[in-house]
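# Per-entry structural report
Residue strings, one per chain:
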Amino acid sequence: MDLRFTAEENAFRERMRDFFTTQIPADIREQVQRGEHVSRDQQVAAQRIMNAHGLAVPHWPAEWGGQDWTPVQLYIYQDEMQQNCVPAPLGFNANMVGPVIAQFGSDAQKKQFLPATANLDIWWCQGFSEPGAGSDLASLRTTAVRDGDHYVVNGQKTWTTLAQYADWIFCLARTDPGAAKKQQGISFILIDMQTPGITVRPIQTLDGGVEVNEVWFDDVRVPVENLVGEENRGWDYAKFLLGNERTGIARVGVSKARIRRIKQLAALEHVGDRAMIEEPHFREKLAAVEVELKALEMTQLRVVADERKRDRALPNPASSILKIKGSELQQATTELLMDVVGPYILPYDDHEHGSNEPPVGPEYAAEAAPTYFNWRKISIYGGSNEIQRNIVAKAILGF
Amino acid sequence: MDFDLSDEQRLLKDSVDRMLADRYGFEARKGYRAAPEGWSRDIWAQFADLGLLGLPFTEEQGGFGGGLVDAATVMEAFGRALVVEPYFATVVACGALLRHAASAAQMEALVPGIAAGQRVLAYAQVERQSRHSLTAIMTRAERDGDGWRITGEKSLVLHGDSAETLLVTARSAGQHRERHGIGLFLVSADAPGVSRRGYPTQDGLRAAEITLANVPAEALGDPAEALPILEQANDEMLAALCAEAVGVMTAMHAMTVDYLKTRKQFGRAIGENQALQHRAVDMYVSLEQARSMALYAAMMASDPNPLERQRAMHAAKVQIGRSGRHIGQEAIQLHGGIGVTMEYAVGHHFKRMTMIERGFGDTDSHLAALARLGGLIAA
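Reference entry: report on the structure contained in this document.

Calculation rules
Residues numbered from 1 in each chain as written. Chains lettered and ligands numbered in written order. Predicted model: local features only at pLDDT ≥ 70, side-chain atom pairs only at ≥ 80, totals over all residues. Heavy atoms only, no water. Helix = DSSP H or I, 4+ residues; strand = E, 2+ residues; numbered from the N terminus. Rg over C-alpha atoms; globule rule 2.2 N^0.38 Å. Contact = heavy atoms within 4.5 Å. Areas by Shrake-Rupley, 256 points an atom, 1.4 Å probe, with all protein chains shown as cover. Lys, Arg positive; Asp, Glu negative; His and termini not counted. Charge placed at Lys NZ, Arg CZ, Asp CG, Glu CD. Pairing = 2+ DSSP bridges. Phe/Tyr/Trp six-rings, centres within 6.5 Å; stacked < 30°, edge-to-face > 60°. Lys NZ or Arg CZ within 6 Å of the ring centre and 35° of its normal. Buried area = accessible area lost by both parts, 1.4 Å probe. Salt bridge = Lys/Arg side-chain N within 4 Å of Asp/Glu carboxyl O. Polar contact = N/O pair within 3.5 Å; in protein donor to acceptor, adjacent residues only side chain to side chain. Core = buried A, V, L, I, M, F, W, Y, C linked by side-chain atoms within 4.5 Å. Buried < 20%, exposed > 50% of the residue type's maximum accessible area, 1.4 Å probe, protein only.

### Focus on the overall build of chain B
When helices and strands are counted, chain B shows 11 helices and 9 strands. Over its C-alpha trace chain B gives a radius of gyration of 21 Å, about what one expects of a compact globule, namely 21 Å for 379 residues. Counting only contacts in chain B whose residues sit at least 6 apart along the sequence, the fraction spanning at least 24 positions is 74%. Accessible surface for chain B amounts to roughly 15,000 Å². Of this, 51% is attributable to carbon and sulfur atoms. If you average the places of the 38 positive and of the 46 negative side-chain charges in chain B, the two averages end up 8 Å apart.

This is the structure:
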């Protein structure tokens with residue numbers, strides 16, 4: 001047992017840190033540090049810089065831009081990216097549809113999509129959830145009916161993140177309504193968002209921003225060559241996709257960066273005649289979160305070290321623990337930031353109607369409440385924490 | 001980055017697990033506790049045969065050269081089985097103190113007896129007013145020719161009633177709570193002037209109140225500057241306790257999951273209820289967090305940077321305490337009535353866990369100390 005990183009791994013960390021802090025524009029990183037959303041252009045710019053250096057999709061197969069790194073190297077890469085407030089390569093591209101196409105797609109699909117997906121020339125969104133199919137995804141009702149060399153797609157998707165920016169959507173649609181089990185008869189289909197019959201309606205979230213959308217498909221004609229893999233095998237590909245993101249979901253680096261910022265801001269805010277950071281009660285609240293975060297970091301490293309011994313095509317149920325605890329701790333940091341900001345969490349910046357007025361209160365106050373409200377999503381998306389508990393109960397505890 | 005045990009460590013683990021499976025069931029443990037000393041000399045001899053009593057000492061000293069991971073491996077197994085023998089007192093606590101403070105001659109005089117199971121040691125540190133402080137020492141050490149004489153009252157001395165040898169902290173100089181002036185002294189338990197009152201503890205172990213009246217003693221290391229060594233040894237004790245706690249928690253969690261699967265009410269196993277499954281999962285998350293921090297503690301307890309080491313140990317003890325309380329309370333709740341009786345094992349694990357959480361600095365004191373040091377993440 002040796003829980004220290006090797007000299008090579010430490011050198012690798014230095015290289016990653018150097019890249020992220022010198023090559024990614026400071027204004028983008030500062031914006032992320034403040035907790036603000038990055039624009040489409042900024043997301044694209046950051047990912048293209050990473051891709052130009054071979055760092056956008058290091059976990060992909062080598063022939064499509066992957067790096068053949070060890071799990072520990074991948075962990076260090078993600079950790080440095082998160083700690084240095086670099087916007088991660090778009091998850092829908094890098095972690096979801098890309099690996100599915102690389103694994104199950106046709107050669108033509110790989111050539112058409114993978115380089116453009118890595119470089120964010122194509123912005124993907126995810127068409128999985130439906131109004132009646134959230135945690136119970138397999139009850140989805142969107143249909144794709146074969147008509148000559150096209151599928152005709154009808155239905156509604158929801159919670160479609162950043163669909164307003166997207167060029168393409170990867171969808172689960174029912175191709176065999178008569179299948180014996182609801183998980184059967186689903187196919188994985190790629191659809192150009194410009195196709196006639198697609199309507200996108202934004203949904204405003206509690207922070208006031210627009211991150212998610214509803215997407216309607218009304219007789220949308222999709223060429224059959226946009227089917228990934230085999231017809232009616234889409235559920236298997238979706239499971240592969242969801243099992244792909246295993247260790248990064250703890251987002252320990254993100255929480256660390258948040259805690260650093262909280263400490264910096266707590267030195268500026270005063271409670272009575274001393275800085276908030278000098279308040280023993282606040283320090284203890286903060287320390288309690290730091291302890292859990294350190295434990296989670298070690299848990300994450302245990303899962304990473306275990307990856308060497310596992311079949312990488314199978315999801316690791318231990319990643320459910322990372323999701324549960326990681327989301328709780330990210331949410332805890334948003335509360336600590338509100339503690340620091342104090343009464344100036346009150347003003348609401350009206351995105352919809354715009355305003356040229358200067359912000360009320362200290363400039364760092366503006367994102368505290370929106371982030372708190374927005375980050376309630378973290379324990380809901382990607383398999384809610386209750387679903388994660390179901391997974392652990394079944395796969396680890398044997399219930 | 002390697003979390004696996006070495007081949008030797010796996011052998012150690014297997015032999016300890018096997019011995020405990022054979023000899024340390026719940027009923028057998030009751031028998032050991034009923035012995036006059038509150039533990040079994042026969043089991044102690046088996047520990048000696050397995051090489052466990054000489055584990056932390058080097059081969060030249062008569063031991064086996066084990067490190068903190070080896071100690072953690074043994075302690076985790078002991079935690080699962082709720083071992084009542086004075087292993088922590090003799091081998092972990094006094095072993096660490098001796099390794100850091102004793103001269104080669106002193107080691108030569110003591111270690112062979114310890115390793116052979118013929119000498120039990122106890123660490124007499126706590127005093128009535130000291131709570132969790134290592135510097136609140138009022139026991140005095142006075143020079144007497146080449147040696148020393150100790151006078152004072154030591155309290156809550158784990159296995160102090162059966163120990164042949166005591167390692168006693170005392171002040172040879174300096175004021176109460178001053179870092180300077182503290183020494184560590186070797187005292188024979190049957191020396192004139194030693195009086196001991198032994199008693200059972202909440203968790204099935206033994207402890208003693210010890211009065212020392214002008215007792216002859218030998219200094220271990222510098223008689224006035226022992227504090228850094230006491231702190232280093234204390235951190236190694238904490239790492240071992242964290243590992244023991246993980247064993248205790250593992251057992252409580254396993255018993256609870258098993259109970260949920262077998263206990264039937266309303267015509268089905270109670271574990272078919274999602275509400276209870278999710279609580280068992282939350283216990284599991286707490287357990288894995290604790291396990292991670294116990295590993296971190298074993299790694300950091302020997303870190304050469306004292307400040308980083310202290311931060312890590314505070315953090316580990318906080319996590320262990322919180323996880324242990326959560327798992328313990330839930331284990332009792334989910335067992336229902338049987339959980340609050342002495343007749344079933346899980347309650348005994350809960351009691352041990354509670355004493356680990358409250359001992360060697362409770363969760364609040366470690367959290368406060370970590371907060372004073374500025375936490376783990378630099379601004």
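Now that the structure has been shown, the text picks up again.
### What about the pairing of strand β7 (residues 206-219) of chain B?
All names here are of chain B. Across 8 bridges, strand β3 (residues 147-158) lies against β7 in antiparallel orientation. From the neighbouring strand, Ile150 faces β7, where its bridge partner is Val215. Relative to β7, strand β5 (residues 182-188) runs antiparallel, the two sharing 2 bridges. Residue pairing for β7: Leu186 is matched across the bridge by Glu218. Bridge count between strand β6 (residues 194-200) and β7: 7 bridges; the pairing is antiparallel. Within the sheet, the bridge partner assigned to Arg197 lies in β7 and is Glu209. Joining the antiparallel neighbours β6 and β7 is a turn of 5 residues, in which Gly204 adopts a positive phi near 85°.

### Digging into the packing of aromatic side chains
All names here are of chain A. For the structure on display, the rule yields 24 aromatic pairs over all chains. Considering the side-chain rings of Phe104 and Phe240, the 5.1 Å spacing of their centres and the 85° angle between planes classify their relative orientation as edge-to-face. Of this pair, Phe104 sits in helix α5 (residues 91-104) while Phe240 sits in helix α7 (residues 234-244), and the two are 136 residues apart along the sequence. In textbook terms, an aromatic cluster arises when at least three aromatic residues are bridged by ring pairs, as seen for Phe113, Trp124, Phe128, Trp168, Phe170 and Phe188. Above the plane of the ring of Phe5 lies Arg13, whose end atom (NZ or CZ) is 5.3 Å from the centre. Its end group placed over the ring of Tyr151, Arg146 keeps NZ or CZ at 5.9 Å from the ring centre.

### So, the environment of Gly383(A)
All names here are of chain A. As for its placement among the helices and strands, Gly383 is situated in the loop between α11 (368-374) and α12 (385-395). Sequence separation of Gly383 and Leu55 is 328 residues, and the distance between their C-alpha atoms is 27 Å. Residue contacts for Gly383: discarding those within four places in its chain leaves Lys323 and Gln388.

### A word on the interface of chain B and chain A
Facing 46 residues of chain B, the contacting portion of chain A comprises 42 residues. Summed over both partners, the interface of chain B with chain A buries about 4,100 Å², with 66% contributed by carbon and sulfur atoms. Three residues, Met1(B), Phe3(B) and Ile377(B), lead the burial of chain B against chain A; their summed loss comes to 20% of the area buried on that side. The tally of links from chain B across to chain A stands at 3 salt bridges. Between Asp4(B) and Lys309(A) there is a salt bridge, with its nearest N and O atoms 3.2 Å apart. Seen at the junction of chain B and chain A, the total is 22 residue pairs in polar contact (both at pLDDT 80 or more).

### Focus on the nonpolar core
Ranked by internal contacts, the top residues of the largest apolar core, which has 121 residues, are Phe47(B), Phe78(B) and Tyr87(B). Tallying contributions element by element places helix α7 (residues 227-262) of chain B first for this core, with 20 residues. Formed by 94 residues, the second largest nonpolar core is a distinct cluster that contains Ile24(A), Val72(A), Ala133(A) and Ala138(A).

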